[in-house]
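Residues per chain are reported as follows:
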Amino acid sequence: MPSEFELIRKYFTRPTKHTRLGVGDDCALVQTTPGMELALSTDMLVSGTHFFPDADPFALGHKVLAVNLSDLAAMGATPRWGLLAMAMPKADEAWVEAFSRGFFSLVDKYNVDVIGGDTTRGPLNFCVQIMGEVPVGAALMRSGAKVGDDIWVSGEIGDAALALAHLQGRVKLTDASLAICLPRLHAPAPRIELGLLLRGLAASCIDISDGLLADLGHILDRSGVSAELWLDALPRSTAIRECPEKALAQNCVLAGGDDYELCFTASANHRAAIEALAEASGTWLTRIGKINSGRGLSVLDTNHQPIEISAIGFDHFKQ
């Protein structure tokens, strides 16, 4: 059985590209680019809470980094450095090899230097600290929404939550629907490129990890505003539209987690620029509501009447 240090050396030590000192010392040494500031975030993924204990290790390696990169996307930051801490019940080398391939598939795509971390024996869980750079004063934040702003969302939402509902036996999906939903749950795509393009256009931004209503609510709280969402405008995949459990599907769209799409607000003056950005980047961007004065969040039906909301989103201590 390989030792902790053999696993690190064999599967997690790579040459660095923009780091003074990487893996091998007590600390890494990095130097930021002049005129840039650091964007830092960390996320923990725990077996049984964030992923199934028998999850495919390659897909899990991808997702562990993807959910952290998504935080950088929401800030309009360029990925630079990452640290990975992981606990495993045993040193299964074949499992670690597959996990590291999935993890480094995104490391290589987004030019991240992995500069340290930790491994230990214990219940399976992972914690990544991700760091990126953004020009001083250019970061997208939750606190910038203004009255009159459009509310936008990237991609389609609800598919990951619908896949989870299927795996938990709460709904039975067709093979065609599963082919849409399962990749959204197991291998989300961080919207790094979109986040960079939104600098100077978006007034506020957040990634959807706990559900559209919950995460948009964070923007509203930080910005001191209210919002209305248009239910019929919310972008849905074929799997959501054809789901036999209509109430469940609607809940997945409004309050399902694990989408890792970007929800952002922008002045109506930028509407044409954002539509052009969507076309040029090949990213589906949908205008789903607007920011109003006051406090609160309403979801309006076709007749512009508020609907009753049964759930807002995921909360680790209220489930």
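Structure: above.
Residues numbered from 1 in each chain as written. Predicted model: local features only at pLDDT ≥ 70, side-chain atom pairs only at ≥ 80, totals over all residues. Heavy atoms only, no water.

**Quick word on the packing of aromatic side chains**
To keep it simple, the criterion reads: In this analysis, rings of Phe, Tyr and Trp, with Trp reduced to its six-membered ring, are considered paired at centre separations within 6.5 Å, and the interplanar angle assigns stacked below 30 degrees, edge-to-face beyond 60, and tilted for intermediate values. Labels follow the DSSP assignment, with helices taken as runs of H or I lasting at least four residues and strands as runs of E lasting at least two, numbered in each case from the N terminus. Residue exposure (1.4 Å probe, protein chains only): buried if accessible area is under 20% of the type maximum, exposed if over 50%, otherwise partly exposed.
What the rule picks out here adds up to seven aromatic pairs. Ring centres of Trp95 and Phe126 lie 6.2 Å apart, and the angle between their planes is 10°; this geometry places the pair in the stacked category. Here Phe126 lies in strand β4 (residues 125-135) and Trp95 lies in helix α3 (residues 93-109), a separation of 31 residues in the sequence. What makes Phe126 buried here is its relative accessible area of 0%. Here a set of aromatic residues connected by ring pairs shows up, and it is made of Phe51, Trp95, Phe99, Phe103, Phe104 and Phe126.

**Notes on unusual backbone geometry**
Although it is not a glycine, Asp258 adopts a positive phi angle of roughly 70°. Tracing the backbone shows Asp258 in the loop between α9 (246-255) and β8 (262-266). The class for Asp258 is buried, based on a relative accessible area of 18%.

**So, the packing of helix α2 (residues 57-75) against α3**
Formally: Think of each axis as a best-fit line through the C-alpha atoms, taken over the contacting stretch in the case of a helix, with angles from 0 to 180 degrees between the N-to-C directions. Crossings are assigned a handedness: left-handed for a near helix turned anticlockwise from the far helix by less than a right angle, right-handed for a clockwise turn. What makes two residues a contact is simply this: any of their non-hydrogen atoms within 4.5 Å. Here the term charged refers only to Asp, Glu, Lys and Arg, the term nonpolar to Ala, Val, Leu, Ile, Met, Phe, Trp, Tyr, Cys and Pro, and the term polar to all other amino acids, Gly among them.
Where α2 meets α3, the closest approach of the two axes is 6 Å, and the angle between their N-to-C directions is 35°. In this structure, the crossing between α2 and α3 has a hand that is right-handed. Along its contact with α2, which presents Pro57, Phe58, Leu60, Gly61, His62, Val64, Leu65, Ala66 and Leu69, the element α3 presents Trp95, Ala98, Phe99, Arg101, Gly102, Phe103, Ser105, Leu106 and Val107. Here the residues of the contact of α2 with α3 sort into 13 nonpolar, four polar and one charged.

**As for the sheet that holds strand β1 (residues 36-46)**
Strand pairing in a sheet relies on backbone hydrogen bonds, with the paired strands running either antiparallel or parallel. To be explicit about the condition: What makes two strands pair is DSSP finding at least two bridges between them.
In spatial order, the strands read β1-β4-β2-β3; together these four strands make up an open sheet with mixed pairing. Each edge of the open sheet is held by one strand with a lone partner, namely β1 and β3 (113-121). Ignoring which end each strand starts from, the neighbouring axes of this sheet average 15° apart. Against the sheet, α2 engages β1, β2 (78-88) and β4, with an angle of about 30° to β4.

**Thoughts on the pattern of salt bridges**
Just so we agree on the cut-off: Salt bridge criterion: a side-chain nitrogen from Lys or Arg within 4 Å of a carboxyl oxygen from Asp or Glu.
This model, assessed by the stated rule, comprises seven salt bridges. Two residues, Arg184 and Asp159, come together in a salt bridge whose shortest N-O distance is 3.5 Å. Taken together, the positions of Arg184 in helix α5 (residues 175-186) and Asp159 in helix α4 (residues 159-167) put the pair 25 residues apart, joining distant regions of the chain. What makes Arg184 buried here is its relative accessible area of 18%. Each of Asp159, Arg184, Arg191 and Glu261 takes part in one network of salt bridges that share partners.

**Some thoughts on helix α10 (residues 271-281)**
The condition is simple: The arc in question is traced by the directions running from the helix axis to the C-beta atoms.
Along α10, the positions that sit buried rather than exposed are Ile274, Leu277 and Ala278. Looking down the long axis of α10, one finds its buried residues gathered within 100° of arc, a one-sided arrangement. In α10, the exposed residues that point more than 90 degrees away from the buried face are Ala272, Glu279 and Ala280. Summarising the contacts, the buried residues of α10 are in contact with β5 (150-154), α6 (192-197), β8 and β9 (285-292). Positive phi shows up at Gly282, right after α10, with a value of about 70°.

**Describing the sheet that holds β5**
The mixed open sheet is built from six strands, whose spatial order is β6-β8-β5-β9-β7-β10. Edge positions in the open sheet fall to β6 (202-207) and β10 (296-300), since each of these has one partner strand only. Neighbouring strand axes in the sheet, compared pairwise and without regard to direction, differ in orientation by 25° on average. Where strand β7 (residues 226-230) lies against β10, five bridges are found, and the strand directions are parallel. Counterpart to Ser226 in the pairing with β10 is Gly296. Packing against the sheet, α2 makes contact with β6 and β8, and its axis sits at approximately 170° to β6.

**Digging into the nonpolar core**
Generally speaking, nonpolar side chains in soluble globular proteins are found buried as a group. Quick reminder of the rule: What makes a nonpolar core is a set of buried Ala, Val, Leu, Ile, Met, Phe, Trp, Tyr and Cys residues whose side-chain atoms join them at distances within 4.5 Å.
Within the largest apolar cluster, 48 residues are counted, with the highest numbers of intra-cluster contacts made by Val64, Leu69, Phe99, Phe103 and Phe126. Looking at this core element by element, the count peaks at nine residues for α2. One finds Ala160, Ala165, Ala239 and Ile291 within the second-largest nonpolar core, a separate group that totals 38 residues.

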